[in-house]
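So the chains spell out like this:
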Amino acid sequence: MARPQQSTPDERGHFGPYGGMFVPETLMPALLELGREFQAARQDPAFRDELDGYLAEYAGRPTPLYFAARLSEVVESRVYLKREDLLHTGAHKINNTLGQALLARRMGKKRIIAETGAGQHGVATATAAAVFGMECVVYMGSEDMERQALNVFRMRQLGAEVREVTHGSRTLKDAITEAMRDYVTNVRTTNYVLGSILGPHPYPLIVREFQSVIGREAREQIVARERRQPDLLLACVGGGSNSIGLFHPFLGDESVDMLGVEAGGLGDGLGRHAARFLGGTLGVLHGDRTLVLQDASGQIARTHSISAGLDYAAVGPELVHLRDQGRVRFTTVSDDEALDAFSRLSKLEGIIPALESAHAVAQLLKMAGELPEIVIINLSGRGDKDVQAVAKHLGEELH
Ligand SMILES: *Cc1c(COP(=O)(O)O)cnc(C)c1O
């Protein structure tokens, strides 16, 4: 039987026409070294054992694959939730930051840096730095710092230095630019811990590898429960790390359908959503070629989503390649639909999802009655961080 392509990039990180290494010459040696060290680490049983140990005893893996009985009844399918929301720090991001921090330590680096938008990746990086006793600097746009004051406090409490980025749109995009600048300057002492399957090679590969633990566990867990693979996988797509983490180990299973859910925001029109697969065009952003939301002259567009984690102008290059191959399909869910799903899952299952994850749940609800038999949803994070935003949206004051 012909097996579908396993989606391996070439040595410069090209997934077909996407990906690559569009960086200043000064960064190339560091990225090539990072790629080599990563390949050595992933084949080193001692490295894998140490990472597995931290994932288990510190972060809380394996996460349950929970059969959601009441939700299943509503949508007329057998629905399982992969509970990444139960991990330490509340989302899948810790899988990647523990891996990259250990990789940095293996390379003799004592300092790690990161970008953050909503603060989730910054908190997960600061957490990894704390547990491994490393210095940590997190770049964050001043507008995001204001909106996410709680996460700024968390990072500082964890011992990280949060550096305010005051130029450009003062959001995630500018924070990434600033983190890359720091990396170029301090490459001998510092590793850049990137938060999704974005950026120049080898980051899309590294982050995929560290997040694929989600899908590897899910494959075993679903077979133990159902004696077969699922029919459909659903995951929300910001940069794409939680979705590729679930999808990748299933790519060779032809019968498993995969659907990524982007932020449809307020609806049509550049600036009103973060739906790269609908409104994006080919471009280069932060070191890789991919689909980018941009205007006709190549200016990066503003994006909008009620969920900060899905609110980014570009998407992981591997996902675009998988879309071209017809292996993964993509769709969008609006702010209102995500809010409704946030509320429905809370009441049906006693699980308050992150607004990002609520997009995947919303897509499930939209497909009610037309779903295949067995579905797995990646519940990428918990909703504690979002209750204030949701309350505000509903017109309720919290004091
Ligand atoms: C950051 C985040 C996302 C989006 O990022 P991906 O790289 O697409 O996974 C989704 N869910 C949660 C809970 C997040 O914190």
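Along each chain, the written sequence defines residue order, and numbers are assigned to residues from 1. Confidence filtering applies because this is a predicted model: local features only for residues at pLDDT of at least 70, side-chain atom pairs given and counted only at 80 or more, and all residues used for totals across whole chains, interfaces and linings. Heavy atoms throughout the structure, all of them, feed into the side-chain values; hydrogens and water do not.

Participant: How should the overall build of the protein chain be read in this particular structure?
Facilitator: Within the protein chain, the secondary structure is distributed over 16 helices and 14 strands. With the radius of gyration taken over C-alpha atoms, the globule rule is written as 2.2 Å times the number of residues to the power 0.38. Taking 399 residues into account, the globule formula puts the C-alpha radius of gyration at 21 Å, and the protein chain, at 20 Å, falls close to it. Overall, the C-alpha framework of the protein chain stretches about 55 × 55 × 45 Å when taken along its three principal axes. Each residue is assigned to one of three classes by its accessible area relative to the maximum for its type, calculated with a 1.4 Å probe on protein chains only: buried under 20%, partly exposed between the two thresholds, exposed over 50%. Counting the 399 residues in the protein chain, one finds 60% classified as buried. Residues count as neighbours in contact if any of their non-hydrogen atoms are within 4.5 Å of one another. The long-range share in the protein chain, meaning contacts at least 24 apart out of those at least 6 apart in sequence, stands at 73%. Calculation of accessible area relied on Shrake-Rupley with a 1.4 Å probe; when residues are assessed, cover is drawn exclusively from the protein chains displayed. Of the accessible surface of the protein chain, which amounts to about 16,100 Å², a share of 49% is contributed by carbon and sulfur atoms. If you average the places of the 43 positive and of the 51 negative side-chain charges in the protein chain, the two averages end up 3 Å apart. Segments assigned H or I by DSSP are reported as helices when at least four residues long, segments assigned E as strands when at least two residues long, and all are numbered from the N terminus. Positive charges come from Lys and Arg alone, negative charges from Asp and Glu alone, with His and the N- and C-terminal ends not counted. Where a charge lies is defined by one atom per residue type, namely NZ (Lys), CZ (Arg), CG (Asp) and CD (Glu).

Participant: Please clarify how the site of the ligand should be interpreted in this entry.
Facilitator: Of all residues adjacent to the ligand, which total 17 residues, the nearest are Lys-93, Ser-196, Gly-238, Gly-240 and Ser-241. Under this definition, polar contacts are N or O atom pairs within 3.5 Å; protein pairs additionally need one hydrogen-donor-capable and one acceptor-capable atom, and for neighbouring residues in sequence, both atoms have to be side-chain atoms. Measuring from an oxygen atom of the ligand, one finds a side-chain N or O atom of Lys-93 at 2.6 Å. Protein burial of the ligand: of its 380 Å² of free accessible surface, 97% is covered by the chains. Split by residue class, the shell around the ligand holds 4 nonpolar, 11 polar and 2 charged. Any residue with at least one heavy atom within 4 Å of a molecule or strand is counted as near it. Any residue outside Ala, Val, Leu, Ile, Met, Phe, Trp, Tyr, Cys, Pro, Asp, Glu, Lys and Arg is labelled polar, Gly included; the first ten of those are nonpolar and the last four are charged.

Participant: What is the right way to look at the pairing of strand S11 (residues 281-285) in this model?
Facilitator: The pairing of S11 with strand S12 (residues 288-292) spans 5 bridges and is antiparallel. Residue pairing for S12: Leu-285 is matched across the bridge by Asp-288. For two strands to pair, DSSP has to find at least two bridges joining them. In this structure, the hairpin formed by S11 and S12 is closed by a connection of 2 residues, where His-286 is found at a positive phi of approximately 55°.

Participant: Please explain the environment of Leu-339 as it appears in this structure.
Facilitator: Structurally, Leu-339 can be placed in helix H14 (residues 335-349). Exposure remark for Leu-339: the relative accessible area of 9% places this residue in the buried category. Each C-alpha atom, one on Leu-339 and one on Asp-144, is 21 Å from the other, the two residues being 195 residues apart in sequence. Here Leu-339 is in contact with Ile-306, Leu-355, Val-390 and His-393, once residues within four sequence places are set aside.

Participant: Quick question: what am I supposed to make of the sheet that holds strand S10 (residues 257-265) here?
Facilitator: Two orientations exist for strands paired in a sheet by backbone hydrogen bonds: parallel and antiparallel. Across the sheet, which stays open at both edges, the 6 strands sit in the order S3-S4-S14-S9-S10-S13 with mixed pairing between neighbours. The sheet is open, and its two borders are formed by strand S3 (65-67) and strand S13 (329-334), each paired with just one other strand. Pairwise comparison of adjacent strand axes, ignoring direction, gives a mean angle of 30° for this sheet. Sheet topology places S10 next to S13; 6 bridges connect them, and they run parallel. Pairing of Ala-263 across the sheet is with Val-333, part of S13. Axis angles are defined between N-to-C directions and span 0 to 180 degrees, where every axis is a line fitted to C-alpha atoms and, for a helix, only to the segment in contact.

Participant: Looking at this structure, how should I read the side chain of Arg-327?
Facilitator: Turning to its location among the elements, Arg-327 is positioned in the loop between helix H13 (317-324) and S13. Asp-257 is the oppositely charged side chain nearest to the buried, salt-bridge-free Arg-327, at an N-O distance of 5.5 Å. Polar side-chain contacts of Arg-327 include one of 3.1 Å to the backbone oxygen of Leu-251. Definition used for salt bridges: Asp or Glu carboxyl oxygen within 4 Å of a side-chain nitrogen of Lys or Arg.

Participant: Just to check I follow, could you spell out the sheet that holds strand S6 (residues 135-141) for this structure?
Facilitator: Ordered in space as S7-S6-S5-S8, the 4 strands form an open sheet in which the pairing is parallel. Edge strands, defined here as strands with exactly one partner in the open sheet, are strand S7 (161-165) and strand S8 (190-192). The sheet shows a mean angle of 25° between the axes of neighbouring strands, taken without regard to direction. Pairing analysis gives 3 bridges linking strand S5 (residues 111-116) to S8, with the strands arranged parallel. When the bridges of S8 are listed, Ile-112 appears paired with Asn-191.

Participant: Looking at this model, I keep getting lost on the pattern of salt bridges. Mind explaining?
Facilitator: Pairing between side chains of opposite charge can happen when the charged atoms of each approach one another. Enumeration according to the criterion identifies 29 salt bridges in this entry. For Glu-337, the salt bridge goes to Lys-366, with nearest N and O atoms at 3.3 Å. With a gap of 29 residues between them, Glu-337 in helix H14 and Lys-366 in helix H15 (residues 355-366) connect regions that are remote in the sequence. Residue Glu-337 is classed as partly exposed on the basis of its relative accessible area of 29%. Several salt bridges share partner residues, and in doing so they unite Arg-78, Glu-226, Arg-228, Asp-231 and Glu-373 into one network.

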